[in-house]
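Now for the letters of each chain:
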Amino acid sequence: MVFILREYLLGNVAIAKGILEAGAGVVSGYPGTPSSEIVDFLAPLAKEHGIHVEWSVNEKVAMEVAIGASWTGTRSVVTMKHVGLNVAADPFMTLAYLGVGGGMVVISADDPYCHSSQNEQDSRRYAHFARVPCLDPADPQEARDMILRAFALSEEFGVPVMVRPTTRVSHARSDVEVGSPGKRKENPSFEKNPPKRVALPVHARPLHVELLDKQAGIEAALAKEVWNKAEMRGKIGVIASGIAGLYAEEAIAELEADVSLLRIGTYPMPREMIGDFLERVERVLVIEELDPVVEEFAEMVAKERNPKVEILGKRSGHVPSVGELDPLTVRNAIAEMIGLPKKTAPEMSPEVLSILPPRPPTLCPGCSHRATYYAMKKAFGKDAIYPNDIGCYTMGVGMGTVDTCLCMGASITVGAGIRFGGEEKGICAVLGDSTFLHSGLTGLLNAAYNDARMTVTILDNSITAMTGHQPHPGTGCTACGETSPSLSLEDICRSLGVGFVETADPYDLESMIETFERARDHPGLSVVLAKQACVISAIRSGVRRPKFKVDEDKCGGCKKCVRFGCPAIEFDGEVAKINALCSGCGVCAQICPQKAIEVVK
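Treat the numbers as computed from the prediction; the structure is a model and nothing was measured.

Draft legend 1. View of the packing of helix α17 (residues 368-380) against helix α21 (residues 509-521). Viewed as axis vectors pointing N to C, α17 and α21 meet at an angle of 45 degrees, and their least axial separation amounts to 8 Å. Accordingly, the angle class assigned to the pair α17 and α21 is oblique. In the packing of α17 onto α21, the handedness of the crossing is right-handed. Of the residues in α21, those in contact with Ala371, Thr372, Tyr374, Ala375, Met376, Lys378, Ala379 and Phe380 of α17 are Leu509, Met512, Ile513, Phe516, Glu517 and Arg520. Counted by class, the contact of α17 with α21 contains 10 nonpolar, one polar and three charged residues.

Pasting the structure below:
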């Protein structure tokens, strides 16, 4: 008997519930906002439900683990954020040819507006590129439902199926109907079949033809899905996809307008449904987040079915081409199309704006990265080049030690390229421990192999901090909390051919500066490991450090401690002051020239 429950769930938890219901046996991924909570939710439940859940070292590895599991007949899932799909693109593209065994779902969470990402790329383009189905949920309920359907589609057509939640779907909360967990396949086994599993050119050529032959069936199956639906109300229409479909429904209801609405939730898109819709309207507005994927397809179909229809959207400037959509933006776009006045967002009063201080993203109070950057700049100087990487340490940009930020692991290779490009100034690349294990290993090997004269700093806080404190191979435990070998980053760096490798504690500023100076003066490639636990992890684990205060009689008002940038340090009148945010790292006391900062007794 199947029990249906209604629960109030985060979108990513609804996705995780769907994975459990589908009877998946293997879930792999790499943490990245907005997708991280899927594995975070499933990992503690792995033993109870007899599934394997892992944080892989990167997205390519995660994709390949899920593929291997699928080829045993076990249903599998791989999760990542949109830029992670770039890392996993190599196996993803070829998998479309080779096909799956058990159903396999690829969850690629997009991040419109770059809330925590370096670009706004649209994963639907990858699905189209690979010629695999993509499901685009509008809310947590659809996200759960689409996971179940994705497994069935994957097994029906023998291809992976992508599910593409966006930030607002992944992080929304709503009532979701969920069922009881399913059972994973019993007695899975890998069956040898080289023509279907070995991507030699002689095998790939006929497999490409097979994939193309599947497209008509995939399109026909998706056209019948409930997530594609039309409501005709007049000669003016809206076509919307994903969460934009909900915004459009709300806007049409608020405007009390006779506007027809076609919602799209699947790719390939329902060609006949879109053609029928376009034949019955004179003007249509296409609303979607990120790229004009639906808009371009609608224009193509219109040439065949109704060349006279006027199609508006991103390409015409009626819908923003960048950033995240919201109900007001969608409402105003529809209002403009039908000649109704736009609504303006409520403005904050000038008085409030005048007293609100700016709040740029910043490192946490007591974050060891801030101390590392301070010591680094002392040793290398402000004119040195500081290639940086993806992580919470990128928020140190205000300290003048973040000169580049491209993608995971790129700090080392970009730094090497800057050196080989002819730059003679000091170069100190920076990346975190998780990022180093994700994609910095090959860059460091390349730098050692090609003799790049530079310093690499690995900020080792023993966690994947930016995405929610997930473990990695250097933390000594797995996603499910099981003990694993704790890697020595020092040994790894030496084994890759680095001649100078030293570890220092950022909270000991003098030692940290001296270590950087030795690394700076080393004639070849050098690595500095700045090792100190993430301050949040330390507090959670029970570490308690002494609090500090300012002796106002000694404070000379130089503001050197304030310029250090720690949120726990303020300036009150003529003297510095330490507030309740202090975590007790003690670095400010080492910086103060007057020795005015002391431990609270």
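After that view of the structure, there is still more to cover.
Draft legend 2. Local environment of the layout of surface pockets. Considering only enclosed or pocket space, the largest pocket measures out at about 600 Å³ in volume. At the level of elements, α5 (82-87) and α19 (433-449) are the ones that each hand at least two residues to the lining of the largest pocket. Top contributing element to the lining of the largest pocket by residue count: α19, with five residues. Considering only residue class, the lining of the largest pocket consists of 15 nonpolar, 19 polar and three charged.

Draft legend 3. Representation of the sheet that holds strand β14 (residues 310-312) in the model. Read across the sheet, five strands follow the order β9-β11-β10-β13-β14 without closing on themselves; strand pairing throughout is mixed. Whereas interior strands pair on both sides, the edge strands pair on one side only; in this sheet they are β9 (229-231) and β14. The average undirected angle you get between the axes of adjacent strands in this sheet is 15 degrees. Looking at chain direction, strand β13 (residues 283-287) and β14 are connected through three bridges and run parallel. Paired with leucine 285 across the strands is leucine 312, a residue of β14. Those strands touched by helix α12 (residues 243-255) are β10 (236-241), β11 (259-264) and β13, and its axis lies near 165 degrees from that of β11.

Draft legend 4. The arrangement of the pairing of strand β22 (residues 569-572) in detail. Where β22 lies against strand β23 (residues 575-578), four bridges are found, and the strand directions are antiparallel. Bridge pairing in β23 links isoleucine 569 to isoleucine 578.

Draft legend 5. Representation of a nonpolar patch on the surface within the structure. A cluster of nonpolar side chains, namely Met348, Val352, Leu353, Ile355 and Leu356, defines an oily patch on the protein surface of about 490 Å² accessible area. As for its placement among the helices and strands, isoleucine 355 is situated in helix α16 (residues 350-355).

Draft legend 6. Highlighting the packing of aromatic side chains. Per the counting criterion, the structure on display carries two aromatic pairs. Here tyrosine 374 and phenylalanine 564 contribute two aromatic rings whose centre-to-centre distance is 5.7 Å and whose plane-to-plane angle is 80 degrees, an arrangement assigned as edge-to-face. Taken together, the residues span a long stretch of sequence, with tyrosine 374 in helix α17 and phenylalanine 564 in the loop between α23 (560-563) and β22 at a distance of 190 residues. In this structure tyrosine 374 comes out as buried when scored by relative accessible area, which is 16%.

Draft legend 7. Spotlight on the pattern of salt bridges. Counting across every chain of the model gives 36 salt bridges. Notably, a salt bridge pairs arginine 305 with glutamate 279, separated by 2.9 Å at the nearest N-O pair. Placement of arginine 305 in helix α14 (residues 293-305) and of glutamate 279 in helix α13 (residues 271-279) is noted, with a sequence separation of 26 residues between them. What makes arginine 305 partly exposed here is its relative accessible area of 22%. Put simply, Asp110, Asp122, Arg124, Asp136, Arg164 and Glu288 are held in one network by salt bridges that share partners.

Draft legend 8. Main features of the nonpolar core. In terms of nonpolar packing, the biggest core is built from 100 residues, with Ile19, Met63, Val238, Ile239, Ile287 and Ile334 touching the most fellow members. Setting aside its immediate chain neighbours within four residues, isoleucine 334 contacts Val238, Ala248, Ala251, Ile252, Leu255, Leu285 and Ile287. Met376, Phe436, Ala504 and Tyr507 belong to the second largest nonpolar core, which has 70 residues in total.

Draft legend 9. The sheet that holds strand β3 (residues 52-55), seen in detail. Read across the sheet, seven strands follow the order β3-β2-β4-β5-β7-β6-β12 without closing on themselves; strand pairing throughout is mixed. Edge positions in the open sheet fall to β3 and β12 (266-267), since each of these has one partner strand only. Running at roughly 165 degrees to strand β4 (residues 76-81), helix α4 (residues 59-70) makes contact with β2 (26-29), β3, β4 and β5 (104-109) of the sheet.

Thresholds applied
- Residues numbered from 1 in each chain as written.
- Predicted model: local features only at pLDDT ≥ 70, side-chain atom pairs only at ≥ 80, totals over all residues.
- Heavy atoms only, no water.
- Axes fitted to C-alpha atoms, helices over the stretch in contact; angles between N-to-C directions.
- Helix = DSSP H or I, 4+ residues; strand = E, 2+ residues; numbered from the N terminus.
- Parallel < 35°, antiparallel > 145°, perpendicular 65-115°, else oblique.
- Left-handed = near helix turned anticlockwise from the far one by under 90°.
- Contact = heavy atoms within 4.5 Å.
- Nonpolar A, V, L, I, M, F, W, Y, C, P; charged D, E, K, R; others polar.
- 1 Å grid on protein atoms, 1.4 Å probe; cavity = no way out; pocket = protein on both sides within 12 Å on 5 of 7 lines; lining within 4 Å.
- Points joined across faces, edges and corners; volume = space filled by probe spheres on them.
- Pairing = 2+ DSSP bridges.
- Patch = residues over 30% accessible without salt bridge, like charges linked within 9 Å, V, L, I, M, F, W, Y side chains within 5 Å.
- Areas by Shrake-Rupley, 256 points an atom, 1.4 Å probe, with all protein chains shown as cover.
- Salt bridge = Lys/Arg side-chain N within 4 Å of Asp/Glu carboxyl O.
- Phe/Tyr/Trp six-rings, centres within 6.5 Å; stacked < 30°, edge-to-face > 60°.
- Buried < 20%, exposed > 50% of the residue type's maximum accessible area, 1.4 Å probe, protein only.
- Core = buried A, V, L, I, M, F, W, Y, C linked by side-chain atoms within 4.5 Å.

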